[in-house]
Amino acid sequence: MDLAEDRLLSRAAHELSLKADQLIHDVERRLRHEVPELWDEPDLARMAAENTTERIGGVLFALEHGIEPSRIAPPAIDVERARRLAQLGKPVSAMLRAFRLAQGLVLDRMLEELSRLTNDAELIGAATRRLVALGTEYVDHTSERSVEAFQDERDRRLRWRLSVVNEAGMSVGTTLDIGRTTQELADLAVERFADVATVDLLDSAFTASGDPVTGASVVRRVAQRPEAEPEQAEGDDGEHGPAGAAIAPQQLHSYPEQSPPALALATGRPSRHHRVVPPVPGSPPAHPDDVGFGGAPLIHSTMVVPLRARGATLGVAQFSRHHNPDPYDDEDLLLAQEIAARAAVAVDNARRYTHARAAAIALQRSLLPQHTPAQSAVDVACRYLPAGSDVGVGGDWYDVIPLSGARVALVVGDVVGHGVPAAATMGRLRTAVRTLADIDLPPDELLTHLDDVVERLSVEASTDPEAQSTGDIGATCLYAVYDPVTGCCAMARAGHVLPAVVTPDGVVETLDLPAGPPLGLGGLPFEAAEFDLPEGSLLALYTDGLIEAPGHDVETGLARLRNVLARHTPSLESACDAVLEALLPVGRPEDDVALLLARTRTLGTHQVVTWDLEAEPASVAGARARVTEHLGVWGLEDLVFTAELVVSELVTNAIRYGRPPVRLRLIHDRTLMCEVSDGSSTTPHLRRARFFEEGGRGLLLVAQLAERWGTRHQREGKTVWAELSEKSGDVPPLDFPAL
């Protein structure tokens, strides 16, 4: 080391240090011009100024006192500035370039001082080489620490972003509910990188079953956080400070053309904006330093990110900052895109599921009775509740079917499984039950035939490669027939829960009904039981979803049901509401629920009359006379002629083709029902009589005159019945094809 060189450098550094303020000013001015990204943020500008001052002062001091570069302590602000650069998403090359620019300017000024201190060109050359080496070593030494700090901060922020993305995958889209999914997105954003978050979805996304309408501009505010926005600032145009403050939840609104959200919806591209973004799109931007009314901060940085899934734009999310002073950078935008993409898929899944579920529920409800038919046997009230959204629509059903003889059939059933296949199977079984009920089968025989139907459906499903359901089809069913004339109720069940009855004196009982196998097993018998129900008894039929819940067992559910049924309620409708409120959790139940409440009535002796007839032709005239007399008592003179014809034909057929005992019964309810019973099990049927035949037209005559007619079988014999209404008194021209 040449002492002359060191002494010259020391003298030059001393002379330059006397003009350090001017040097620092010149360096700052050049850096502001050459590296503006280090000065466009207040904290970063402050650090750059401090760094320039400390570096120049430290370098001049070291040169003046002969301190080696490795022993010069770099400014503490270097590490902080490097980390700040990483936080703001700025490249570390800007800082390194600033080091070299400052080094070059200091070197130029030192060369000027060297030239003034000596004319020895050789000494100046040697001192210059020495100065360049020392400066380069110092810059390399300090740059290394800054780069390490920058990289550490970048790695930390990368790990943080990965953790946020991972958290988004776990916390956004936990349900198939659109509102909750979008709110989860807004909550995550505010908790991790935003002060205000709003989510708007295209209104067509809620109404269209497929992709939303392209080019639609009407959106709905589905989520925002915080719910209470920061204080609003009113301008000349009425603009508000924080984005979204002027839009209420679930409010429909639209964005003007060329506004950032409108562009995001149209192009599907995200953007970020470092300015005040008023909530009313299209209003003039304010200065970033502006504050709202009462000093509340306004938005200074916003990211607008479209929600896209499966090639379609569903809506737009906006993430804004007003408390956090850091503006969003490109890496923040990438993070928001990643999270928004995950949320968009979850929203699209929820949207498609919502549409599919709505269609399934609509199918389910269309397959259930829209209203209960008019009948006089029972007063009824019904309820059906689909299961929660995670389970899907099920196969529970109920039905009320008027039968002959003023009787009524009450049905409750439950198809195993959930979804559209279960609802479709329910519809097929309900149709089958109504068809079997129309031929007046007893409850046990009806369930036997229904079991065969379920078996056939299972075979069809197992052999159909396109069937949605796999495995066997199963169901439970309870079928009851109540006769208001006798007050007797015959029931049979196929694996179904037991019904409950409340007697007129308030005693609640669970009917001891013989157990039957679930439908679909095949080959096992069903057994019916009969119960006498006094007038005013309340019969409760339901599915297992009513009494089974995660919080209690079946016995507890039955006990709660009995307690509720024992309470006095003003109507059956209020009784249904009380049962559901007491037994089901708040919100949707875990399983489908069907509930049918029926209060029994009876037909008095003044509405029913019965005669036993001798099995001889002379009884026909006597039967006609009795019918005429009794219809006069009931005030049904207009039906006398028609009733005489119908009764004559039915009694004649019973005497000619049946066997004793023969019985005639009239029931005056909503219509006039004529029933003729005999001991034969042979079923009469319509036939086309030939031209030369004297008989064979009786049932054809009955079919022309009656509203409905049919045959039902008892354990011994049969009953042929015909139902006459007021219109039956107007005898139409009879059409006998064979004549």
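Residues numbered from 1 in each chain as written. Predicted model: local features only at pLDDT ≥ 70, side-chain atom pairs only at ≥ 80, totals over all residues. Heavy atoms only, no water.

### Things to note about the overall build of the chain
So, step 1. A count of helical and extended segments in the chain gives 17 helices and 21 strands.
So, step 2. Counting all 739 residues of the chain, 50% fall into the buried class.
So, step 3. Sequence separation of at least 24 residues holds for 71% of the intrachain contacts in the chain that already meet a minimum separation of 6.
So, step 4. A total accessible area of about 34600 Å² is found for the chain, and carbon and sulfur atoms account for 52% of it. (Helix = DSSP H or I, 4+ residues; strand = E, 2+ residues; numbered from the N terminus. Buried < 20%, exposed > 50% of the residue type's maximum accessible area, 1.4 Å probe, protein only. Contact = heavy atoms within 4.5 Å. Areas by Shrake-Rupley, 256 points an atom, 1.4 Å probe, with all protein chains shown as cover.)

### So, the nonpolar core
So, step 1. Counting residues in hydrophobic clusters, the biggest one holds 57 residues, and the most contacted among them are Trp397, Leu410, Leu429, Leu447, Leu450 and Tyr479.
So, step 2. Residues in contact with Leu429, not counting those within four places in the same chain, are Trp397, Val415, Leu450, Val453, Val454, Leu457 and Ala475. (Core = buried A, V, L, I, M, F, W, Y, C linked by side-chain atoms within 4.5 Å.)

### Some details on the pairing of strand S16 (residues 593-600)
Side chains on a regular strand alternate between the two faces of the sheet.
So, step 1. With respect to burial, S16 is a largely interior element, 7 of its 8 residues being buried.
So, step 2. Pairing of strand S7 (residues 378-385) with S16 involves 8 bridges; the strand directions are antiparallel. In the strand pairing of S16, Ala381 is matched with Leu597.
So, step 3. Where strand S15 (residues 538-542) and S16 come together, 5 bridges link them in antiparallel fashion. Note that in S16 the partner of Leu539 across the bridge is Ala598. (Pairing = 2+ DSSP bridges.)

### Some words on the packing of aromatic side chains
For any pair of aromatic rings, the description consists of the separation of the ring centres together with the inter-plane angle of the planes.
So, step 1. Under the defined criterion, the tally for this structure stands at 1 aromatic pair.
So, step 2. Ring geometry for Phe193 versus Phe319: centroids 5.4 Å apart, planes at 70°, classification edge-to-face. Taken together, the residues Phe193 in the loop between helix H7 (178-192) and strand S1 (196-202) and Phe319 in strand S6 (residues 312-321) connect sequence positions 126 residues apart. (Phe/Tyr/Trp six-rings, centres within 6.5 Å; stacked < 30°, edge-to-face > 60°.)

### Side note on the side chain of Thr711
So, step 1. Tracing the backbone shows Thr711 in strand S20 (residues 708-713).
So, step 2. Each residue touching Thr711, except ones within four places of it in the same chain, is listed here: Ile439, Asp440, Thr683, Pro684, Lys718, Thr719, Val720 and Trp721.

### With respect to the confidence of the model for the chain
So, step 1. Within the chain, residue pLDDT values average 82, and 87% of them lie at 70 or more.
So, step 2. Note on residues 230-245: pLDDT is under 50 here. Beyond four places in sequence and across chains, it has 52 contacts.
So, step 3. Every residue in residues 276-296 is under pLDDT 50, and counting partners more than four places away or in other chains gives 48 contacts. (pLDDT = per-residue confidence, 0-100.)

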